[in-house]
Each structure stands twice: as C-alpha cells, then as structure tokens.
Amino acid sequence: MSKRWLSIAVIALMLGGLARAAEPYSGPLFDAHLHFNVEASEGEHPLPDVLARLKRAGVHAVLANSRPNAGTHELAASAALREAGITVVPFVRLYRNRADYTGWFADASIHQMVLEELTRGTASGPFRGLGEFHLYESANADGPVARSLMKLSVERGLWVLAHVDDDAIDKLMAHAPQARLIWAHTGIGGTPVKRVRELLARYPQLMGELSYRPGLTVGEGRLSAEWRELLSQHSERFLIGSDTWTPSRWPQYEGLMQEARRWLADLPPLAAQRIAWGNGQRMFALPEP
C-alpha cells in the first residue's frame, strides 16, 4: 500500500472512531421528573400508552409525582410496569388541583394531606420523597408549610423535588440543612453555571435535574462547553428528566429521551452512565435493569 493510501486509511479509521464515540448513550435511563397527571391519565395517555413509551425509550425507573396523587398510586400499583422491569419511585405531590400551586406554602391542609399520604404509602411501598412543588417567589420558601415540610423531609429520610430559583434553594436549605434536595431544571430561567457550581459546593446533598435546562445544549443537541465541563467534573450530582407536566409532552417522550442520549454521548462514559442511571440507582437503591 502506498503512503498516500495508508494515510487515507488511517484518517478513515480515526473518523470512524470519532463517529462511534458520538453515538448516543445506549444504557438504561432513570427519568427523575415524571408526572402522570389527571389530564393524561383520563385523556389520550392512559397507563398502557405510558408503559409503551417508557419501554420504547429504554427507561427502567421513574421518579413519579402527579396531580392529584392518584396518578402516582396508579403507576405504583401497576403489575404491567413491574413485569416490564420498570421501577416506580413515588413522591407525594403537594397539589390536589391547580389552585394549590400558588398557595401551598402557607396552607395547613397541604401539610395534613402529605402526612396522610405518607401514612398510606403506595401499593409498591412507601413514598420516597416530597414534590415537585413550585415557588414562584423565593420569599415564599419561608412560608410556614414550606418550612415544616423541609424539616419533615429530614425527619422521614425523604428527598425533595423543588422547582425554585437559586435564592429559594438557600432559604429552603436554611430550614433543614441536612435535607436531600433535587433541584428541578437546575434553576428557573437559566441560573448561571457559576451560581450552580456555588450551590453544589455549598450543599453536598443537592442534585440537579436537567429537563428544560436553558443553555444545556447548542447546535444539533450537543452539550454546550460550560455544561460539558460542569457535568464531566460533577457527574455524581445530576439526573435527567422528562417533566411530562402537560399531555402534549407525552407524544414527545421518546424524542426527549433520545435527545438526552445524544448529549450524554458528549461526556466520558462513566459520567454519562452516572447521570443517565447510576445516580438514581444510588439514591433510591434501584434494582439492576
């Protein structure tokens, strides 16, 4: 073989290696932000439809929280999900209806509802966390029910899933410094990466969930440089999610998971595995898929 053709062959092998390295992550997924709300369960996306989408997407466990909590109870009781090897990690959501979104942090009846749900548990076992809840103003993190539920989470060994801004993270953690908190979307409206780093360093038990995260990807769904660096350095602190908050998200479900698989491929293999599955497995003692 001439030197020219040898050089071409070497270049082809190198390009082939790069192509293989860019192939989407193909391992199991833990969806750390899934809702099975009443609009989906009683509409066009009942349980059989949801199960089929989870299976096609390669999702082996979900952190489920629903409005009302009946949706999560339905998922947890599903023999079909168990037979498919899909584990449900149930959280108590603080909402009975949409009106609860804006006042739960000062509503004593929400605290009572949470206690009743924790006592009841689910068909597959106890609830593992509280949330998702929203705080549209960070000052409301100091509301009496927000304060008491943060303390309750520590007393009961529960995780908390919070859709809040960075200031509210500080306020919530001040009520219960030992709390284990999953930060939905890792911030509202694109909290700067520098600030995310500060909070991760300040609170060792803070995890970032990455659905809807502005700035995470660029171009054709590849990780931005600053997020590739952050996720590579702190892969033990992040989770993926779908956030099926509205029925219109369910037809997109497989695509959302494929998008995650695509940007996970931009990370070192161990980092990708942690974010996709390993961190959730560690946090909730998930069975091997």
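Predicted, not measured: the structure shown is a model, and the values here were computed from it. (Residues numbered from 1 in each chain as written. Predicted model: local features only at pLDDT ≥ 70, side-chain atom pairs only at ≥ 80, totals over all residues. Heavy atoms only, no water.)

**Quick notes on the side chain of Arg53**
Within the element layout of this structure, Arg53 appears in helix α3 (residues 47-57). Take Arg53: its relative accessible area is 13%, and that puts it in the buried class. Once residues lying within four places of it in the same chain are set aside, the contact partners of Arg53 are His45, Trp250, Pro251, Tyr253 and Glu254. (Helix = DSSP H or I, 4+ residues; strand = E, 2+ residues; numbered from the N terminus. Buried < 20%, exposed > 50% of the residue type's maximum accessible area, 1.4 Å probe, protein only. Contact = heavy atoms within 4.5 Å.)

**Overview of the pairing of strand β6 (residues 180-183)**
Pairing between strand β5 (residues 159-163) and β6: four bridges, direction parallel. Bridge pairing in β6 places Val160 opposite Leu181. After leaving β5, the chain enters helix α8 (residues 166-175) and then returns to the sheet as β6, a path that is right-handed. Direction of pairing for β6 relative to strand β7 (residues 206-209): parallel, over a ladder of three bridges. Bridged to Ile182 within β7 is Met207. Assessed by its sense of winding, the connection that carries the chain from β6 through helix α9 (residues 193-202) to β7 is right-handed. (Pairing = 2+ DSSP bridges. Right-handed = clockwise from strand over helix to strand, strands pointing away.)

**Let's talk about the packing of helix α6 (residues 108-120) against helix α7 (residues 144-156)**
Running from N to C, α6 and α7 point in directions that differ by 20°, and their axes come no closer than 9 Å. If you check the angle between α6 and α7, you find them roughly parallel. In terms of crossing hand, the pair formed by α6 and α7 is right-handed. Facing α6, whose interface residues are Ala108, His111, Val114, Leu115 and Leu118, α7 presents Val145, Ser148, Leu149, Leu152 and Arg156. Partitioning the contact of α6 with α7 into residue classes produces seven nonpolar, two polar and one charged. (Axes fitted to C-alpha atoms, helices over the stretch in contact; angles between N-to-C directions. Parallel < 35°, antiparallel > 145°, perpendicular 65-115°, else oblique. Left-handed = near helix turned anticlockwise from the far one by under 90°. Nonpolar A, V, L, I, M, F, W, Y, C, P; charged D, E, K, R; others polar.)

**Some thoughts on the packing of aromatic side chains**
Scanning all chains against the criterion turns up eight aromatic pairs. Geometrically, the ring pair formed by Phe30 and Phe284 is tilted, given 6.0 Å between the ring centres and 50° between the ring planes. Of the two residues, Phe30 sits in strand β1 (residues 29-34) while Phe284 sits in helix α12 (residues 269-284), which places them 254 residues apart along the sequence. We note that Phe30, like Phe284, is buried. Residues Trp104 and Phe133 carry aromatic rings whose centres are separated by 4.6 Å and whose planes lie at 40° to one another, so their mutual orientation is tilted. Highlighted residues: Trp104 in the loop between β3 (87-92) and α6 and Phe133 in strand β4 (residues 129-134), separated in sequence by 29 residues. Note on accessibility: Trp104 and Phe133 belong to one class, buried. Taken together, the ring pairs connect Phe30, Phe91, Trp159 and Phe284 into an aromatic cluster. (Phe/Tyr/Trp six-rings, centres within 6.5 Å; stacked < 30°, edge-to-face > 60°.)

**Describing the sheet that holds β1**
Two strands in a sheet stick together by hydrogen bonds in their backbones, pointing the same way (parallel) or opposite ways (antiparallel). Read across the sheet, eight strands follow the order β1-β2-β3-β4-β5-β6-β7-β10 without closing on themselves; strand pairing throughout is parallel. A single partner strand is all that each edge strand has here, and the edge strands are β1 and β10 (238-239). Relative to β4, β3 runs parallel, the two being bridged by two bridges. Bridge assignment links Phe91 to a residue of β4, and that residue is Gly129. Packing of α8 onto the sheet brings it into contact with β4, β5, β6 and β7, and relative to β6 it is tilted by some 170°.

**As for the confidence of the model for the protein chain**
On average, the protein chain scores 93 in pLDDT, and the residues at 70 or more come to 93%. Within the protein chain, β10 carries the highest mean pLDDT (99), whereas helix α1 (residues 3-21) carries the lowest (40). The low-confidence segment residues 1-21, where pLDDT is below 50, has two contacts with residues more than four positions distant or belonging to other chains. (pLDDT = per-residue confidence, 0-100.)

**Overview of the nonpolar core**
Counting 92 residues, the largest nonpolar core has Trp104 and Trp263 as its most contacted members. Among the elements that make up this core, the one with the highest residue count is α12 (seven residues). Ignoring anything within four residues of it in the chain, the contact list for Trp104 reads Leu94, Tyr95, Ile110, Phe133, His134, Leu135, Val145, Ala146 and Leu149. (Core = buried A, V, L, I, M, F, W, Y, C linked by side-chain atoms within 4.5 Å.)

**Considering the pattern of salt bridges**
Taken as a whole and assessed by the stated rule, the structure comprises 16 salt bridges. For the salt bridge of Lys171 with Asp142, the shortest nitrogen-to-oxygen distance reads 3.4 Å. Of this pair, Lys171 sits in helix α8 while Asp142 sits in the loop between β4 and α7, and the two are 29 residues apart along the sequence. (Salt bridge = Lys/Arg side-chain N within 4 Å of Asp/Glu carboxyl O.)

**Focus on α7**
In this model α7 runs 18 Å from its N-terminal to its C-terminal C-alpha over 13 residues, within 8% of the 18 Å that 1.5 Å per residue would give. Of all the positions in α7, only Val145, Ala146, Leu149, Met150, Leu152 and Ser153 are classed as buried. Each buried residue of α7 sits inside an arc of 160° when the element is viewed along its axis, so together they form one side. Residues of α7 that are buried in the fold lie against α6, β4, β5, α8 and β6. (Expected span 1.5 Å × (residues − 1). Arc of directions from axis to C-beta.)

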